[in-house]
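Structural description and commentary
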Amino acid sequence: MDKSPEKKKGLFSKLKDGLKKTRDTLFGSLFVETDEKINSEFYDELEEAMIISDMGMATTQKVLDSLRNELKENKIHTRSEAKRVLVRLLADRMQPDTDFLPDTDQAVIMVVGVNGVGKTTSIGKLAAMYKSEGKSVMLAAADTFRAAAAEQLTIWAERAGVPIVKHNEGADPAAVVYDAIASFKAKKCNVLICDTAGRLHNKVNLMNELSKMRRIIDRDLPGVPVEVLLVLDATTGQNAIAQAQVFGASAGLTGIILTKLDGTAKGGVAVAVKDELGLPVRFVGVGEGIDDLQPFDAEAFAEALM
């Protein structure tokens, strides 16, 4: 992935702009340059701000306990110093336990998510990102039961300049993946991104569908690393956690794409989803442009949040 200083600076600027409302309205008054002393009122206000920012009660309490202990151990008494500690604690909680996709010749990314969260858009942006890095990308339109899903993904494939494999609406999703793998191997592509089902109303069918696709991938692309990413709309706050819990039980999730961090989302859900469910955020959407999906950087995110 492109980690040039110029690229990272531009993306951090967008992330910082996107979280400006949270930073200004929830945390801005807590950390002032006059170095007000830390007292019980400070902790009460910080607790309220963290919960309102969508971190959730459980995660908030864990972070506050860690903050209290560290400030006490290191004899820290000013809010500006406390802020630096808090940023580090939040970043530590959001850090992935493993790297995203080893640097291999081939990889598969399966993407799930309910309607309206930005799943198709995120897939298109992922394809554009990988192509800009010199990788050959193929899309598989395996969300075959959602009306016009393949047509929407085709538009993004054209925008990103990558090939797409699709069948008629209502076709067997696993058959789409099977054909996509055959084309993927024939064209010697590097990254296969599969748009998969996002329905929550029938978890048994969803699980069976995803399991069938995964078996085909493992059989026909043995040894190729696979990531299963859930797209969540950051503006839905704690509802995003509930979605992740439902999907996590059936989809074998390995990470999260957090979208719509460009003005109205509070952002704290990025901390909660990793802390409560063990699912790291892998990418964040910071705008409408095709290049406005960025690899998640825990330190930069914590800094922008605070």
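See the structure above.
The following refers to the structure shown. (Residues numbered from 1 in each chain as written. Predicted model: local features only at pLDDT ≥ 70, side-chain atom pairs only at ≥ 80, totals over all residues. Heavy atoms only, no water.)

Quick notes on the overall build of the protein chain
A count of helical and extended segments in the protein chain gives 12 helices and eight strands. Scaling as 2.2 N^0.38, a compact globule of 306 residues should have a C-alpha radius of gyration of about 19 Å, and the protein chain matches this with 20 Å. Its C-alpha atoms give the protein chain principal-axis dimensions of roughly 65 × 40 × 35 Å. When each of the 306 residues of the protein chain is scored for burial, the buried share is 52%. Considering only contacts in the protein chain between residues 6 or more positions apart, those separated by 24 or more positions represent 77%. (Helix = DSSP H or I, 4+ residues; strand = E, 2+ residues; numbered from the N terminus. Rg over C-alpha atoms; globule rule 2.2 N^0.38 Å. Buried < 20%, exposed > 50% of the residue type's maximum accessible area, 1.4 Å probe, protein only. Contact = heavy atoms within 4.5 Å.)

Let's talk about unusual backbone geometry
Excluding glycine, residues mostly carry a negative phi; peptide bonds, for their part, are mostly trans. With a phi close to 55°, Lys75 is a non-glycine residue in the positive phi region. Structurally, Lys75 can be placed in the loop between helix H4 (57–73) and helix H5 (79–94). Overall, Lys75 belongs to the exposed group, its relative accessible area being 64%. Despite not being glycine, Lys188 has its phi angle at roughly 55°, a positive value.

What to know about the environment of Phe27
Note on placement: Phe27 falls in helix H2 (residues 20–27). Sequence spacing of Phe27 and Pro163 is 136 residues, and the spatial spacing of their C-alpha atoms is 45 Å. Apart from the residues within four sequence positions on either side, Phe27 is in contact with Thr22, Leu46, Ala49, Met50, Ser53, Met55, Leu305 and Met306.

Examining the packing of aromatic side chains
A complete count under the given rule lists three aromatic pairs for this structure. Relative to Tyr43, the ring of Phe42 has its centre 5.4 Å away and its plane inclined at 65°; by these criteria the two rings are edge-to-face. On the basis of relative accessibility, which here comes to 0%, the residue Phe42 falls in the buried class. The ring of Tyr43 is capped by Arg68, whose NZ or CZ atom sits 4.0 Å from the centre of that ring. Between Arg159 and the ring centre of Trp156, over which it is positioned, the NZ or CZ distance is 4.3 Å. (Phe/Tyr/Trp six-rings, centres within 6.5 Å; stacked < 30°, edge-to-face > 60°. Lys NZ or Arg CZ within 6 Å of the ring centre and 35° of its normal.)

Concerning helix H8 (residues 173–186)
Taking 1.5 Å of rise per residue, the 14 residues of H8 would be expected to cover 20 Å, and the 20 Å separating its terminal C-alpha atoms lies within 8% of that figure. For H8, the full list of buried residues reads Pro173, Ala174, Val176, Val177, Ala180, Ile181, Ser183 and Phe184. N-cap assignment for H8: the residue whose side-chain oxygen lies 3.1 Å from the backbone N of Ala174 is Asp172. Two residues or fewer past H8, Lys188 is found with a positive phi of approximately 55°. (Expected span 1.5 Å × (residues − 1). Polar contact = N/O pair within 3.5 Å; in protein donor to acceptor, adjacent residues only side chain to side chain.)

A word on the side chain of Asp143
Here Asp143 shows up in the loop between strand S2 (137–141) and helix H7 (149–160). Here Asp143 falls in the buried class, since its relative accessible area comes to 5%.

Quick notes on the packing of H5 against helix H11 (residues 269–277)
Interaxial distance between H5 and H11 falls to 8 Å at its minimum, and their mutual angle equals 50°. Regarding the angle of H5 to H11, the classification is oblique. In this structure, H5 crosses over H11, and the sense of that crossing is left-handed. Taking contact as the criterion, the partners of Leu90, Arg93 and Met94 in H5 are, on H11, Ala270, Val271, Lys274 and Asp275. Along the lines of polarity and charge, the residues of the contact of H5 with H11 split into four nonpolar, no polar and three charged. (Axes fitted to C-alpha atoms, helices over the stretch in contact; angles between N-to-C directions. Parallel < 35°, antiparallel > 145°, perpendicular 65-115°, else oblique. Left-handed = near helix turned anticlockwise from the far one by under 90°. Nonpolar A, V, L, I, M, F, W, Y, C, P; charged D, E, K, R; others polar.)

A short note on helix H3 (residues 40–52)
Taking 1.5 Å of rise per residue, 13 residues should cover 18 Å, and H3 covers 19 Å from first to last C-alpha, within 8% of that figure. For H3, the set of buried residues is Phe42, Tyr43, Leu46, Ala49 and Met50. Viewed along the axis of H3, the buried residues span an arc of 130°, placing them on a single side of the element. Where H3 terminates, the next one or two residues include Asp54, which has phi positive at roughly 80°. (Arc of directions from axis to C-beta.)

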